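# Fold and contact review
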Amino acid sequence: MPVTLNINGSVQSVNLPPDVPLLWALRDGLGMTGTKFGCGVAACGACTVMIDGEAVRSCQVALGDATGQITTIEGLGQPDNLAPIQAAWIKHQVAQCGYCQSGQIMQAAALLAANPAPSDQDIDDAMQGNLCRCGTYPRIRAAILEAADMMKAG
Amino acid sequence: MANWKKITRRSFMVLGAAVVGGAAFGVYKVTEVPPNPLIPTPGSVPLNPWVIINADGVTVIAPRAEMGQGISTTLAALVAEELDVDWAQVRVLHGPPAQAYFNAGFAERMSNEPDFKLASQPKSHNVVLEAVPKIFLLQITGGSTGAIGGYEQMRLAGASAREALKAAAAKRLGVTSDQLKTEGGRVIGARSFAYAELAEEAASLVPSDVQLRDPSIWRYIGKAMPRLDMAAKSTGTAQFGIDTWLPGMKFATVRMNPKRGGTMRSFDPKPALAVAGVERVIDLGTGIAVVANNTWSAMQGAALVAVDWGPADYPADTAAMLDTIAKAFADEPNSRLRDDGDVEVDLAKGDVIEAEYRIPFLAHAAMEPLNATAWLKPDGTLEVWCGNQAPIMTRDACAAAVGLGGDKVTLHTPMMGGGFGGRTDPVPAVLAARVAKEFVGTPVKLTYSREEDLAQDYYRPAAIARLTGRIEGGKATALWGRTAVPSAARNALGRLMGFAPPGPDRGSVEGGFDQPYGLPNYRYDGHLSDLTVPLGFWRSVGNSMNAFFLESFIDEMAHAAAADPLTFRLDLMRETHAPSAAVLQKVREMSGWDSLKRPGFGRGVAFCYSFGTPVAQVLEVEQTPDGIRMTRAWIACDPGLAMDPSIIEAQMTGAMVYGLSAAAQGAITFADQQVVESNFYDYEPLRLHQVPAFEVAILQNNGEFGHIGGVGEPGTPPAAPALANALFDLTGKRARDLPLRAAFDFVT
Ligand code: FES
Ligand code: FES
């Protein structure tokens, strides 16, 4: 029985068992590979997506439970139509290998949606679940602060 | 990034031939070793970077792989500089496996001289060595050599393409090339032509007079260029190997013997086959593959298979392994690459200080787990997608694994989600090819679980070092370092090439023997252990070990001499190598080293000259109620010619974070011959809230003009000793074993 998902504003159906995590439904079932696999155990944040505006680890959400509005990195913005957070990421040249960055950006977008003017401490608290093996953390912090400014300026 | 496949479909594969919809410039000879036709320096090996021009702009074929280090951007900038194109018109692709893409930069890594002495020597000194990578088919990304190897070749590729385009325009206008100029992707004369209009004609012209631009008019080299991969990596559209997705594909994972090198005695596939979505369990001899309709089901199934593993041929646990390594001290040293003065005479004067240091095995743990996709087609050809640092070797290993000739295998090298030396072995691609052989006509993507990625890595070796030194009148008079370690190079090259290089093993002592310290008596020995744990090249290789030993010990000597540790180092270095002394002086100024230390804080300094680049770091730590926090870090480096300051800053900070992660909390341990650590909760890199704020200074004094030091690795070696020295400054406690979390409580 296909499972129906609401992803980036459109309805999609996936033909996989309902206990398969959302991460793998996106990647293997739908070919939406922007969301990454890093650990499978909620320890790295590479698989972060938003469900109903909240950042979640898609490796921990069973397909059958993913009933809300799902936003993935593909839905946040595209190269010719960037979300402010992505524009800030590019301005600060954050990515190195880039593999963790979908998750970082989704986590940061959720932070800014809830808290448009985060302090350093707020950034620490929100972002510490997202590993970056390339060590891009200083630029991640700078890009989040920049995005907050950009969004304030409208 | 453009898609390599699209371009090959437009029938472009032939060197120097015009192609439909685009033109490829290859004015190079591939198989001979002739003098380069463009700059006839005797003995220099002409490489073969390609420039493709079509209506969309310019595509640069980068001979080095993009693992996050920014090399594709820098290599493209070198071409664009000479070719006179706007940055917005430039794309970049990674080259297919080809002899044309030898890494000439590796020549700089194959000498037993200390690096700092090589930087100032004329290039011709290394001419013989430049033939070496060719022999070994080293189309390898590693050794921080990408920019070095590409500096001349990529500029020549751009310049020769520019001159060919001018020659084509000159023919049309009936003038000579010197009456024309180029600008913004056009040749300008009485009429102006877009490059694309001239490309096909130009591809058949071999320009005779190619001059490289004078550095004074460079527009791109030396500037912070927007990375070509940045928009894709900020929108989830970058294609990593793990993102390979083909219609109808199957998804697989492997579980190989965790007692490395051991056999598989038996296994029971039934529990795996009971998992919904699992289709098959395949016997790979020393492990199994599980194939399913999604990766997760394959991983669930693989974990459930009951396997009886045969033993490995190494000791059971870490303690026994360290005992084995320590035994190597009793053997004759394999190398003594530094032996200045007479340490034995000096140390016999008595009153020596001695210390022993121990460091653990480490895993690479790149964010993208190991993976590969393979598709064996009914016509007997194999297509493989795998992020890898050595395409020729990977392609040939895949071909051999499924019994095909190398010409039947197409290997794609997509972007890599980190490498750090961990994508040199072809194993994932080979296993994917073997599984694909069971499903002819169907592509199979094989993804390692994180647990498998850690259990099947090729590790940075554990090592022990014993150092002895003497101080007299506040000055260091002698230092004798001895490192005991299993050789990563012999272990890895033996496995990859069936041949362990004889002679002195530089990798086991680099970072120790080769530092610009002018001690009157300075000896450094390498003792090789025969421990057989599988080893590989880990970011900065031997420097990651010996810089910790040497720079911790220099700190201990400074303390024994009641000297300031930074001044103590400067005094030893000033006469020996001025650019090295200058980076130390620079971090001294940046960090306010001479002003009064803040109460409750500690500071440590460390230095290492590696891969052609001296790097000095100062790290500040603070005792807080929640534990010790790393607050601020200052890095000064001198790569010689700094090609892209933004990329260099990113590499320096990233490499220091990588080193600090390992120093504070990284360790791979063994029990029952298997790696204990299994995922990021017990092999945990530093997180955003744990890293210090960074300030980076880039100096450009090292070597002759045109010396290019590496930037991907040199930021790693000083990190561990800077942290250990800072902790000593903060607490008075000297920790000589890594990771430091065993002795200190960090903020978690
Ligand atoms: S893959 Fe989900 S948190 Fe790591
Ligand atoms: S950019 Fe490589 S893991 Fe974050």
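Residues numbered from 1 in each chain as written. Chains lettered and ligands numbered in written order. Predicted model: local features only at pLDDT ≥ 70, side-chain atom pairs only at ≥ 80, totals over all residues. Heavy atoms only, no water.

## Here's the deal with the environment of Ala252 of chain B
Residues and elements named next belong to chain B. We count it as follows: Strands are runs of DSSP state E lasting at least 2 residues, helices are runs of H or I lasting at least 4, and numbering of each runs from the N terminus. Contacts: residue pairs with any heavy atoms within 4.5 Å of one another.
By the secondary structure assignment, Ala252 is in strand S9 (residues 250-256). Sequence separation between Ala252 and Glu649 is 397 residues; the distance between their C-alpha atoms is 39 Å. If we ignore the near neighbours within four places in the chain, the residues touching Ala252 are Val290, Val291, Ala298, Val444, Lys445, Leu446 and Thr447.

## Concerning the sheet that holds strand S17 (residues 382-385) of chain B
Residue and element names in this part refer to chain B. Put simply, the rule is: Two strands pair if DSSP finds at least two bridges between them. Interaxial angle, 0 to 180 degrees, is taken between N-to-C directions of lines fitted to C-alpha atoms, where a helix line uses only the stretch in contact.
Ordered in space as S11-S12-S9-S19-S16-S17-S18, the seven strands form an open sheet in which the pairing is mixed. Whereas interior strands pair on both sides, the edge strands pair on one side only; in this sheet they are strand S11 (278-283) and strand S18 (409-412). Ignoring which end each strand starts from, the neighbouring axes of this sheet average 20° apart. As paired elements, strand S16 (residues 371-376) and strand S19 (residues 444-447) share four bridges and run antiparallel to each other. Following the sheet pairing, Asn371 is matched in S19 by Thr447. Across the sheet, helix H12 (residues 391-402) is in contact with S17 and S18; its angle to S18 comes to roughly 140°. Packed on one face of the sheet, helix H13 (residues 427-437) meets S9, S11, strand S12 (287-292), S16, S17 and S19 and runs near 35° to S16.

## Looking at the interface of chain B and chain A
Definition in use: When two parts are put together, the accessible area they lose, computed with a 1.4 Å probe and summed over both, is reported as buried area. When a carboxyl oxygen of Asp or Glu is within 4 Å of a side-chain nitrogen of Lys or Arg, the pair counts as a salt bridge. N or O atoms closer than or at 3.5 Å make up a polar contact, with two conditions inside protein: a donor-capable atom paired with an acceptor-capable one, and, for residues adjacent in sequence, both atoms drawn from side chains. Charged residues are taken to be Asp, Glu, Lys and Arg, nonpolar residues to be Ala, Val, Leu, Ile, Met, Phe, Trp, Tyr, Cys and Pro, and polar residues to be all remaining types, Gly included.
With 63 residues of chain B at the contact, the number on the chain A side is 55 residues. Summed over both sides, the interface between chain B and chain A buries roughly 4600 Å², with carbon and sulfur atoms accounting for 62% of that surface. When residues of chain B are sorted by the area they lose upon contact with chain A, Trp296, Met367 and Leu688 of chain B head the list and together hold 18% of the total. Ionic pairing is found between Arg139 of chain A and Glu649 of chain B, a salt bridge with its closest N-O pair at 2.7 Å. In this structure, the connection of chain B to chain A is made through 22 residue pairs in polar contact (both at pLDDT 80 or more). Taken together, the elements giving at least two residues each to the side of chain B that touches chain A come down to helix H7 (230-233), helix H9 (295-304), S19, helix H14 (450-455) and helix H19 (645-665) of chain B. Looking at the side of chain B that touches chain A element by element, the count peaks at eight residues for H19 of chain B. Classifying every residue of the side of chain B that touches chain A gives 32 nonpolar, 21 polar and ten charged.

## Observations concerning the domain arrangement of chain B
Residues and elements named next belong to chain B. The condition is simple: The start and end points of each domain follow an automatic or database-based domain assignment.
Domain assignment breaks chain B into domain 1 (9-103 + 138-235), domain 2 (241-311 + 370-447) and domain 3 (318-363 + 458-742). Listed as interface residues are 22 residues of domain 1 and, on the opposing side, 19 residues of domain 3. For the pairing of domain 1 and domain 3, the buried interface totals around 1300 Å² over both sides, and the portion due to carbon and sulfur atoms is 67%. Along the contact surface separating domain 1 from domain 3 lie zero salt bridges. If you look at where domain 1 meets domain 3, you find two residue pairs in polar contact (both at pLDDT 80 or more). Those elements that provide at least two residues to the side of domain 1 that touches domain 3 are helix H2 (71-83) and helix H5 (146-173). Per-class residue counts for the side of domain 1 that touches domain 3 are eleven nonpolar, nine polar and two charged.

## So, the pairing of S9 of chain B
Residues and elements named next belong to chain B. To be explicit about the condition: Each residue is assigned to one of three classes by its accessible area relative to the maximum for its type, calculated with a 1.4 Å probe on protein chains only: buried under 20%, partly exposed between the two thresholds, exposed over 50%.
Within S9, six of the seven residues are buried, which leaves it mostly tucked inside the rest of the structure. Sheet topology note: the S9/S19 ladder contains three bridges and is parallel. Within S19, the position partnered with Ala252 by the bridge is Leu446. In this sheet, S12 lies alongside S9 in antiparallel orientation, the contact comprising six bridges. When the sheet's bridge partners are listed, Met256 is paired in S12 with Gly287.

## Side note on the nonpolar core
Basically, it comes down to this: Joining through side-chain atoms within 4.5 Å is the link that ties buried Ala, Val, Leu, Ile, Met, Phe, Trp, Tyr and Cys residues into a set, and such a set is a nonpolar core.
The biggest cluster of nonpolar side chains holds 176 residues, and the ones touching the most others in it are Ile85 of chain A together with Phe361, Phe549, Leu723 and Leu740 of chain B. If one sorts the elements of this core by residue count, H19 of chain B sits on top with nine residues. Once you skip the residues sitting within four places of it in the chain, Ile85 of chain A turns out to touch Leu76, Ile105, Ala108, Ala109, Leu112 and Ala147 of chain A. Core analysis: the next-biggest nonpolar cluster, separate from the first, contains 41 residues, Ile71, Leu180, Ile221 and Met643 of chain B among them.

## Some words on the packing of aromatic side chains
Residue and element names in this part refer to chain B. We count it as follows: Classification of ring pairs uses Phe, Tyr and Trp, with its six-membered ring standing for Trp, and accepts pairs whose centres are within 6.5 Å; under 30 degrees between planes counts as stacked, over 60 as edge-to-face, and the remaining range as tilted. For a Lys NZ or an Arg CZ to count as sitting over a ring, it must be within 6 Å of the ring centre and within 35 degrees of the ring normal.
A full pass over the atoms with the stated rule returns 14 aromatic pairs over all chains. Aromatic side chains Phe420 and Tyr658 sit 4.5 Å apart centroid to centroid with 35° between the ring planes, which places their arrangement in the tilted category. Of this pair, Phe420 sits in the loop between S18 and H13 while Tyr658 sits in helix H19, and the two are 238 residues apart along the sequence. Here Phe420 and Tyr658 have matching classes, each one buried. Between Trp538 and Tyr658, the ring centres sit 4.9 Å apart and the planes meet at 35°, which makes this aromatic pair tilted. Note that Trp538 is positioned in the loop between strand S22 (521-529) and helix H16 (543-560) and Tyr658 in helix H19, a separation of 120 residues in sequence. Assessed through its relative accessible area of 1%, Tyr658 is described here as buried. Grouping aromatic residues by their ring pairs yields a cluster made of Tyr314, Phe361, Tyr459 and Phe670. The ring of Trp538 carries the charged tip of Arg460 above its face, separated from the ring centre by 5.6 Å. In this arrangement the basic side chain of Arg523 is found over the ring face of Trp480, its NZ or CZ atom lying 4.7 Å from the centre.

## What about the domain arrangement of chain A?
All names here are of chain A. The domain architecture assigned to chain A consists of domain 1 (3-74) and domain 2 (84-153). Averaged C-alpha coordinates put domain 1 and domain 2 at centres separated by 21 Å. Residue-level contacts link 16 residues of domain 1 with twelve residues of domain 2. Counting the surface lost from both domain 1 and domain 2, the interface buries some 1200 Å², and carbon and sulfur atoms represent 59% of this. At the junction of domain 1 with domain 2, the criterion picks out zero salt bridges. In this structure, the connection of domain 1 to domain 2 is made through five residue pairs in polar contact (both at pLDDT 80 or more). Top contributing element to the side of domain 1 that touches domain 2 by residue count: strand S3 (residues 48-51), with three residues.

## As for the pattern of salt bridges
Counted under the stated rule, the structure contains 46 salt bridges over all chains. In this structure, Asp124 of chain A engages Arg141 of chain A in a salt bridge whose closest nitrogen and oxygen atoms are separated by 2.7 Å. On the criterion of sequence distance, the pair formed by Asp124 of chain A in helix H5 (residues 120-127) and Arg141 of chain A in helix H6 (residues 137-153) is long-range, its members being 17 residues apart. With its nearest N and O atoms 2.3 Å apart, the salt bridge here joins Glu383 of chain B to Lys377 of chain B. For Lys377 of chain B, a relative accessible area of 21% puts it in the partly exposed group. Residues participating in the shared-partner salt-bridge network are Glu82, Arg162, Glu163 and Lys166 of chain B.

## Overview of the packing of helix H4 (residues 101-114) of chain A against H6 of chain A
Residues and elements named next belong to chain A. What counts, and what does not: In what follows, roughly perpendicular refers to angles from 65 to 115 degrees, roughly parallel to angles under 35, roughly antiparallel to angles over 145, and oblique to any angle outside these ranges. Two helices cross in a left-handed way if the nearer one is turned anticlockwise from the farther one by less than a right angle. They cross in a right-handed way if the turn is clockwise.
Across the interface, H4 lies against H6 with an axial gap of 11 Å and an inter-helix angle of 40°. In terms of their interaxial angle, H4 and H6 are classed as oblique. Classified by chirality, the crossing of H6 by H4 is right-handed. Along the contact surface, H4 presents Gln101, Gln104, Ala108, Leu111 and Leu112, while H6 presents Ile140, Ile144, Ala147, Ala148 and Met151.

## Digging into the UniProt feature "domain: Aldehyde oxidase/xanthine dehydrogenase a/b hammerhead" (unreviewed entry) in chain B
Note the cut-off: UniProt positions are given in the numbering used here, feature names are shortened, and annotations may be inferred rather than shown by experiment.
The UniProt feature table records "domain: Aldehyde oxidase/xanthine dehydrogenase a/b hammerhead" (unreviewed entry) at residues 235-313 of chain B. Secondary structure content for residues 235-313 of chain B is 18% helix and 35% strand, while the C-alpha to C-alpha distance between its ends is 47 Å.

## Things to note about the side chain of Gln665 of chain B
Tracing the backbone through its elements, the reader meets Gln665 of chain B in helix H19. Setting aside its immediate chain neighbours within four residues, Gln665 of chain B contacts Glu684, Pro685, Leu686, Gln690, Pro739 and Arg741 of chain B.

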